[in-house]
Amino acid sequence: MEIKERVIVYVDGFNLYFGMKEAGFDNCKWLNIRSLIDDLLKPTQELVTIKYFTSRVSNNPDKQKRQSTYIEALETTGIKVIYGHYQMNKAECKRCGHVWPSPNEKMTDVNIATNMIVDAYKDSFDMALLISGDSDLVPPIKIIHENFKTKRVMVMFPPKRHNTTVSASAKGSLMIGRKKLLDNQFADKVEKANGFMLLKPKEWD
């Protein structure tokens, strides 16, 4: 019997979301990540789990509601959600002195790095598939390749998030194209285990 390559997927939620937003792919935000991964894995690979890293948005009820709805939809597919910390900082224009709120998301890169290294140490995967273009994740990628010679980290870049430093440290990389995103959207209504219906946010049509 053929032994399949075990894959754990690590998703940088904000990196993916803002990449799609920057690319103008608002109609791709209702993304079924589980379906996308199933679509991308080869028959010689098997999915162990998907870990989705994010922080709870604060100070904006509409955004909070959309985020909660989306996270609940992801959880219906068995994705594990791991939270960092979201804080509102202030940014100031040096020229005019105007101050505006600047959301800052903390701990996601640390959480991803820790999970990847611990999972490698526990021999939970053969391949780590990282969805992010954050260069802060280069050190854990290098650590895994240096210390676990039989394991590899591959990177899938969200739209507008390609990073040559990250690409150089990985054992392979690709961009997630618009067609793949569009092909793997949730249905407009997603049913939870308790029968509750999650509705796609109108702003994401």
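It should be noted that the structure appears before, not after, this text.
Residues numbered from 1 in each chain as written. Predicted model: local features only at pLDDT ≥ 70, side-chain atom pairs only at ≥ 80, totals over all residues. Heavy atoms only, no water.

## Re the sheet that holds strand β1 (residues 5–12)
Then step 1. Reading across the sheet, the six strands line up as β3-β2-β1-β6-β7-β8 and stay open at both edges, with parallel pairing between neighbours. One side of each edge strand has no neighbouring strand; the edge strands of this open sheet are β3 (80–83) and β8 (173–175). Going across the sheet, the axis of each strand differs from the next one's by a mean of 20°, ignoring polarity.
Then step 2. Relative to the sheet, helix α3 (residues 61–75) contacts β2 (45–54) and β3, its axis offset from that of β2 by approximately 160°.
Then step 3. Its contacts with the sheet place helix α5 (residues 138–147) against β6 (127–131) and β7 (152–157), and it is angled at close to 150° to β7. (Pairing = 2+ DSSP bridges. Helix = DSSP H or I, 4+ residues; strand = E, 2+ residues; numbered from the N terminus. Axes fitted to C-alpha atoms, helices over the stretch in contact; angles between N-to-C directions. Contact = heavy atoms within 4.5 Å.)

## Things to note about the pairing of β7
Then step 1. Note that β6 and β7 share five bridges and pair parallel. Bridging from a neighbouring strand, L130 pairs with V155 of β7.
Then step 2. You can see the chain leave β6, run along α5 and come back into β7, and the turn it takes is right-handed.
Then step 3. With respect to chirality, the unit in which β7 leads through helix α6 (residues 164–169) into the neighbouring parallel β8 is right-handed. (Right-handed = clockwise from strand over helix to strand, strands pointing away.)

## Some details on the nonpolar core
Generally speaking, nonpolar side chains in soluble globular proteins are found buried as a group.
Then step 1. Formed by 31 residues in total, the largest nonpolar core has its most connected members in V9, V11, I33, I37, Y52, Y70 and I131.
Then step 2. Taken together, the elements giving at least two residues each to this core come down to β1, α1 (13–22), α2 (33–40), β2, α3 and β6.
Then step 3. Looking at this core element by element, the count peaks at four residues for α3.
Then step 4. When sequence neighbours within four positions are dropped, the list of residues in contact with Y70 reads K29, W30, L31, I33, Y52, F186 and W204. (Core = buried A, V, L, I, M, F, W, Y, C linked by side-chain atoms within 4.5 Å. Buried < 20%, exposed > 50% of the residue type's maximum accessible area, 1.4 Å probe, protein only.)

## A look at the pattern of salt bridges
Opposite charge on two side chains permits them to pair, given that their charged atoms come into close proximity.
Then step 1. Going through the model one piece at a time under the given rule, you end up with 13 salt bridges.
Then step 2. Among the salt bridges present, the one from E22 reaches R161, with a minimum N-O distance of 3.1 Å. Here E22, found in helix α1, pairs with R161, found in the loop between β7 and α6; they are 139 residues apart in sequence, far enough to count as distant.
Then step 3. Measuring nitrogen to oxygen at the nearest pair gives 3.6 Å for the salt bridge that ties K200 to D205.
Then step 4. On the basis of relative accessibility, which here comes to 61%, the residue D205 falls in the exposed class.
Then step 5. In this structure, a network of salt bridges that share partners links the residues R6, D123, D126 and K151. (Salt bridge = Lys/Arg side-chain N within 4 Å of Asp/Glu carboxyl O.)

## Overview of unusual backbone geometry
Then step 1. For D123, which is not glycine, the phi dihedral falls at a positive 55°.
Then step 2. Structurally, D123 can be placed in the loop between α4 (108–121) and β6.
Then step 3. Positive phi values are uncommon outside glycine, yet K160 reaches one of about 65°.
Then step 4. Checked against the element boundaries, K160 lands in the loop between β7 and α6.
Then step 5. Taking relative accessible area as the criterion, K160 reaches 53% and is therefore assigned exposed.

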